[in-house]
Amino acid sequence: MKKLNLFVAISVLFVTVCISQNYRIQNGIGVFGGVTQFNIDTDNLATTSEGGWLAGLAATVDLPNRWYNLSYNIQLSENKLGIAAIPVGGTQAESIDYKVFTAQIALLGHIKIFKNHLTIDAGPMLQYNSDLDLQDETKENYLIDGYNTIRANQITEISRFNVNGAVGASLGFDEFKLRAQYIYGFTNILSKLNKENFTEDVDFKGNQSMLVLTAMFVF
């Protein structure tokens, strides 16, 4: 229910922004979905990227006689990543799964390489995400690899609001496009962990990275 409420709230904001502009929306609304590969780039944790899914809406703003277009995008995704941890009483680390849900709003510029059939896409993105959700509760007392006292259930509260940058390319026709995108987090997604009362002295720093491949249908 929380995810649904979040989706509705952001959708209303998305539509409001689009209507408030003085440009006409070109080719209607795009609906897209696809797969993701998510990770957190950090020296504090041994992470493994894992797959997920993404779905969203896009509205392209037509700028006549310009070498680029603009689009407003809203997308929701569910992603997983693995973090190395050691079982209680064990010595060998294993990767345990965490899940994170993200809602993103982006303003993208689309550089026209070959009319609207091939574009290079880039722009800023605002993100709201959930905490890390440990998938197997039986592993909550595992020790995070590299630490003596920090356990798997103590690293779940990450920063909820983040600023990202997105770059990629779109290929296709007016009614159908394929899009590849790389999203990088400019803000420290692990900064909230530095407020935890860990007995070990550690300065958590990490930036999310996400690879996205989607197919878009335009109506």
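Residues numbered from 1 in each chain as written. Predicted model: local features only at pLDDT ≥ 70, side-chain atom pairs only at ≥ 80, totals over all residues. Heavy atoms only, no water.

1. Points about the pattern of salt bridges
Going by this rule: A side-chain nitrogen of Lys or Arg and a carboxyl oxygen of Asp or Glu constitute a salt bridge if their distance falls within 4 Å. Secondary structure elements are taken from DSSP: a helix is a run of H or I of four residues or more, a strand is a run of E of two residues or more, and numbering for both begins at the N terminus.
Scanning all chains against the criterion turns up five salt bridges. One salt bridge in this structure joins E94 and K139, with 3.1 Å as the shortest N-O distance. Here K139 lies in the loop between strand 6 (133–134) and strand 7 (143–144) and E94 lies in strand 4 (residues 94–114), a separation of 45 residues in the sequence.

2. Here's the deal with the confidence of the model for the protein
Atomic detail in the predicted coordinates should be set aside for any region of low pLDDT. Put simply, the test is: The quantity called pLDDT is the predictor's confidence in a given residue, expressed from 0 to 100. When checking whether two residues touch, look at their non-hydrogen atoms; a contact exists if any pair is within 4.5 Å.
Residues at a pLDDT of 70 or more form 88% of the protein, whose mean pLDDT is 89. Predicted confidence for residues 14–20 stays below pLDDT 50, and this span has 10 contacts to residues more than four positions away or in other chains.

3. Structural notes on a negative patch on the surface
Where we set the bar: What makes a patch is a set of residues exposed beyond 30% relative accessible area and free of salt bridges, joined within 9 Å when like-charged and within 5 Å when nonpolar (Val, Leu, Ile, Met, Phe, Trp, Tyr). For every accessible area listed, the method is Shrake-Rupley and the probe measures 1.4 Å; residues are considered covered only by the protein chains on display. Residues counted as positive are Lys and Arg, residues counted as negative are Asp and Glu, and His and the chain ends are not counted. Charged side chains are reduced to one point each, which is NZ for Lys, CZ for Arg, CG for Asp and CD for Glu. Throughout, exposure labels follow a simple rule: accessible area from a 1.4 Å probe, protein chains only, divided by the maximum for the residue type, with under 20% read as buried, over 50% as exposed, and the rest as partly exposed.
A surface patch of negative charge is lined by D97, D133, D136, E137 and E140. Considering the arrangement of structural elements, one finds D97 in strand 4. The class of D97 is partly exposed, set by a relative accessible area of 31%.

4. As for the packing of aromatic side chains
Worth spelling out the cut-off: Between 30 and 60 degrees the pair is tilted, below 30 it is stacked and above 60 it is edge-to-face, where a pair is any two Phe, Tyr or Trp rings, Trp via its six-membered ring, whose centres lie within 6.5 Å.
Tallied over the entire structure, the rule returns six aromatic pairs. Arranged with centres 5.1 Å apart and planes meeting at 55°, the rings of F176 and F217 form a pair that is tilted. Here F176, found in strand 9 (residues 176–185), pairs with F217, found in strand 10 (residues 207–218); they are 41 residues apart in sequence, far enough to count as distant. For F176, a relative accessible area of 31% translates into the label partly exposed. Ring geometry for Y184 and F186: centres 6.2 Å apart, planes at 70°, overall edge-to-face. When its relative accessible area of 30% is taken as the criterion, Y184 is described as partly exposed. The class for F186 is exposed, based on a relative accessible area of 57%. Among the aromatic residues, ring-to-ring pairing joins Y147, F198 and F204 into one connected group.

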